[in-house]
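Structural overview for review
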Amino acid sequence: MKVERLGKNIHKLSLEGSIAKIAILSDIHWDNPKCDRELLKKHLDYCLKENIPVHINGDMFCLMQGKGDRRGNKSDILPEHNNARYLDSVIQTAVEWFEPYKDILTVIGYGNHETAIIKWQETDVLQRFVDLFNLTYGTSIYTGGYGGWMIYELSLNGNSKTAFKHKYFHGSGGGGIVTKGAINLTRATEMYEGFDIFSMGHIHENSCRNDSIEVLNTHAANYEIQLKDIHLAITGTYKEEYGDGSKGWHVERGAPAKTVGGRILELSAVRSRKDGVDKINKSADSFKFPL
């Protein structure tokens, strides 16, 4: 695979073959004691074994235990980060922990936890992590945006290629106990145009759906109506906050237990010919990590 930066928050991932998988993770909250690192490691090891590139869509870090942070809780800091260089220690230990996955990490976007530190602590922890990681291991991973685009380029027969456009957005709002983010996905179809895939995180749900829309295409000056399938997904968290439901901020605000883990995006493209016109049929879907 090859990752290229086409713009501030636009990146292209070139992949081999006409079938490809990409892991989409979000809301890892890696430095929080409630992060299920055992499961995270299992999922990243699976990606490493299967050579699946990884895109992280915000809130890789939690970062709430800094001086003066009103969200802070003494129970929510790991011993190795409980020192006078809190943010620096999170960055350094994360660089060490993620080292085995240096060859599959691609683009890491911002979440509200990272942007809050920029606002209140005047330092960009995510960019510092990426810079130190690349300097330490000679890699070329990139920071994305809170929202942005990933272009997945697949190879077909011969030298021809096709691309899937993935619009990502970390997310906003609370998701809703009943709708579980379904409305957010419908909003995306009204807000963004031209995408094949949309994904968001933030609300700690884990689901997907496939919609179909009508588009008007041109082939050799002829107009043709086609139906285009689009894939929409919400990626889950790795921070399990519900526990036994006895107490805590998550329980006391009436939030339910959440499905933990990310999703794997599966892409495929097939060339066909109909009525003398060459066409490329594309399919995108996603699934939870295998057990």
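Read on for an overview of the structure. Here the structure is a predicted model, which means the values were calculated and not measured.

About the criteria used
- Residues numbered from 1 in each chain as written.
- Predicted model: local features only at pLDDT ≥ 70, side-chain atom pairs only at ≥ 80, totals over all residues.
- Heavy atoms only, no water.
- Salt bridge = Lys/Arg side-chain N within 4 Å of Asp/Glu carboxyl O.
- Helix = DSSP H or I, 4+ residues; strand = E, 2+ residues; numbered from the N terminus.
- Buried < 20%, exposed > 50% of the residue type's maximum accessible area, 1.4 Å probe, protein only.
- Pairing = 2+ DSSP bridges.
- Axes fitted to C-alpha atoms, helices over the stretch in contact; angles between N-to-C directions.
- Contact = heavy atoms within 4.5 Å.

**A look at the pattern of salt bridges**
Applying the stated criterion across every chain, the model contains 14 salt bridges. Measuring nitrogen to oxygen at the nearest pair gives 3.7 Å for the salt bridge that ties E153 to K12. Note that E153 is positioned in strand 7 (residues 147-155) and K12 in strand 2 (residues 10-14), a separation of 141 residues in sequence. Each member of the pair, E153 together with K12, is buried. Connected through shared salt-bridge partners, E4, K12 and E153 make up one network.

**A closer look at the pairing of strand 11 (residues 222-234)**
Pairing of strand 9 (residues 197-200) with strand 11, which is carried by four bridges, proceeds in the parallel orientation. Following the sheet pairing, M200 is matched in strand 11 by I234. Bridging between strand 10 (residues 207-219) and strand 11 involves 13 bridges; their strand directions are antiparallel. Counted as the bridge partner of L216 is I225 from strand 11.

**Observations concerning the sheet that holds strand 10**
Pairing is mixed in the open sheet, where seven strands are placed in the order 1-2-7-8-9-11-10. A strand with exactly one partner marks an edge of an open sheet, and here the two such strands are strand 1 (2-7) and strand 10. For this sheet, the mean angle separating the axes of adjacent strands, direction not counted, is 20 degrees. Bridging between strand 1 and strand 2 involves five bridges; their strand directions are antiparallel. Each residue of the ladder has a partner; that of E4, found in strand 2, is K12.

**With respect to the sheet that holds strand 3 (residues 19-25)**
Taken together, the six strands give an open sheet; going across it, the order is 6-5-4-3-12-13, and neighbouring strands pair in mixed fashion. The open sheet has two free edges, formed respectively by strand 6 (142-143) and strand 13 (277-288), since each of these has just one partner strand. With six bridges connecting them, strand 3 and strand 12 (residues 263-274) associate as antiparallel partners. Residue K21 lies in a different strand from strand 12, and its bridge partner there is E266. Each of strand 3, strand 4 (54-57) and strand 12 touches helix 1 (residues 37-50); the most contacted strand, strand 3, lies at about 160 degrees to it. Relative to strand 5 (residues 105-109), helix 4 (residues 125-137) is tilted by about 160 degrees, and along the sheet it contacts strand 5 and strand 6.

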